[in-house]
Amino acid sequence: VRFRYSTKLFMTHILAVILVSGSVGTFFYVRAMDNLMRSLQSRLQNSAALLSQTINARDLDGVQTAADTAQAAYGDTLEKVRRVRRMNPDIAFLYIMRRGEDGTVRFVVDSDETEAQAQPGKIYADVVPEMEEGFHQPVVDSELYEDEWGVFLSGYAPLRNGEGRYLVGIDMRADEVRNNLRELRLTGLASLFASVLLALLF
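Since the model is a prediction, treat every value here as computed from it, not as a measurement. (Residues numbered from 1 in each chain as written. Predicted model: local features only at pLDDT ≥ 70, side-chain atom pairs only at ≥ 80, totals over all residues. Heavy atoms only, no water.)

Visitor: With reference to specific residues and values, describe the confidence of the model for the protein chain.
Guide: With 94% of its residues at a pLDDT of at least 70, the protein chain reaches an overall mean of 85. When pLDDT is averaged over each helix and strand of the protein chain, the minimum, 72, is found for strand S4 (residues 145-147) and the maximum, 96, for strand S2 (residues 105-110). (pLDDT = per-residue confidence, 0-100. Helix = DSSP H or I, 4+ residues; strand = E, 2+ residues; numbered from the N terminus.)

Visitor: Can you explain the environment of Leu-40? Please cite residues and give values.
Guide: With respect to the helices, strands and loops of the structure, Leu-40 is situated in helix H1 (residues 2-52). The sequence separation of Leu-40 and Met-172 amounts to 132 residues, and the corresponding C-alpha distance is 9.1 Å.

Visitor: Give a detailed account of the pattern of salt bridges, specifying residues and quantitative values.
Guide: Throughout the structure, instances matching the rule amount to seven salt bridges. Salt-bridge contacts for Arg-83 lead to Glu-79; the nearest nitrogen and oxygen are separated by 3.8 Å. Taken together, the residues span about one helical turn, with Arg-83 and Glu-79 both in helix H2 (residues 72-87) at a distance of four residues. When its relative accessible area of 42% is taken as the criterion, Arg-83 is described as partly exposed. What makes Glu-79 partly exposed here is its relative accessible area of 36%. Each of the salt bridges in this network shares a partner with another, and the network as a whole consists of Glu-79, Arg-83, Arg-85, Arg-86 and Glu-113. (Salt bridge = Lys/Arg side-chain N within 4 Å of Asp/Glu carboxyl O. Buried < 20%, exposed > 50% of the residue type's maximum accessible area, 1.4 Å probe, protein only.)

Visitor: Which residues make up the pairing of strand S6 (residues 166-173), and what are the values?
Guide: Taken across its eight residues, S6 has seven buried, putting it largely inside the fold. Pairing geometry for strand S1 (residues 91-99) and S6, over seven bridges, is antiparallel. Opposite Leu-94, over in S6, you have Ile-170 as the bridge partner. Of the pairings in the sheet, the one linking strand S5 (residues 150-158) to S6 comprises seven bridges and is antiparallel in character. Bridge assignment links Tyr-156 to a residue of S6, and that residue is Gly-169. (Pairing = 2+ DSSP bridges.)

Visitor: Could you give an account of the nonpolar core, naming the residues involved and the relevant values?
Guide: Judged by nonpolar contacts, the single largest core of 25 residues is most densely connected at Leu-60, Ile-96, Val-109 and Leu-159. Sort the elements by how many residues they give to this core and H1 lands first, with five residues. Core analysis: the second largest hydrophobic core is formed by 16 residues, Ala-92, Phe-93, Val-105 and Ala-118 among them. (Core = buried A, V, L, I, M, F, W, Y, C linked by side-chain atoms within 4.5 Å.)

Visitor: Please provide a residue-by-residue account of the side chain of Arg-99, values included.
Guide: Looking at the element boundaries, Arg-99 is found in strand S1. Taking relative accessible area as the criterion, Arg-99 reaches 18% and is therefore assigned buried. There is a polar contact of 2.6 Å between the side chain of Arg-99 and the side chain of Glu-132. Setting aside residues no more than four positions away along its own chain, Arg-99 makes contact with Thr-104, Val-105, Glu-132, Phe-135, His-136, Gly-164 and Arg-165. (Polar contact = N/O pair within 3.5 Å; in protein donor to acceptor, adjacent residues only side chain to side chain. Contact = heavy atoms within 4.5 Å.)

Visitor: Help me get a handle on unusual backbone geometry, residues and values and all.
Guide: The phi dihedral of Asn-161 is positive, around 65 degrees, even though this residue is not glycine. With respect to the helices, strands and loops of the structure, Asn-161 is situated in the loop between S5 and S6. In this structure, Glu-163 takes a positive phi of about 50 degrees despite not being glycine. Looking at where Glu-163 falls in the secondary structure, it is placed in the loop between S5 and S6. According to the relative accessible area criterion, Glu-163 is exposed, its value standing at 67%.

Visitor: Go over the environment of Ala-190, please, and point to the residues and values.
Guide: Within the fold, Ala-190 resides in helix H4 (residues 174-201). For the pair Ala-190 and Gly-155, spaced 35 residues apart in sequence, the C-alpha to C-alpha distance is 33 Å.

Quick look at the structure:
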């Protein structure tokens, strides 16, 4: 009887610790994930807003097609966005878009340094609502999205003197976001394991 009682007491305490630790851990995990996403979104939005004020949209009015890449304004702007991207390794792409009178969104400057670089005038078809809003005010994606270049979390902001026709966009690759979330999950699991281990010892 004593053995059965002690076993029941032991199992009850272990179950209680797991339930409490699991509930508390889940709560803080969800909060931490939310805070992490908010932090990343805030960083992207602020970075886009700051960069947008350093580029004058009027300087890029003459950059319409791939033939205009020889212009000084294009070269200066391309070097600027590439320099910013190189200083932030977790940022995949920086680019400037123009919205035409027909509603199409086209590349003006793309920081990509590979053969896949989008030339001025190339149409961007996968326009998300946040990008549309980004022509008027700083905004960031509410969730990850996928296009022909990959899966990203992006921030947008209108260019200075852009009059609602120009924006700068910053793409953070999803693998960077997922790496941060994976570390958070591992920390939560380690905390739960430590709680159960301490309960066993007690």
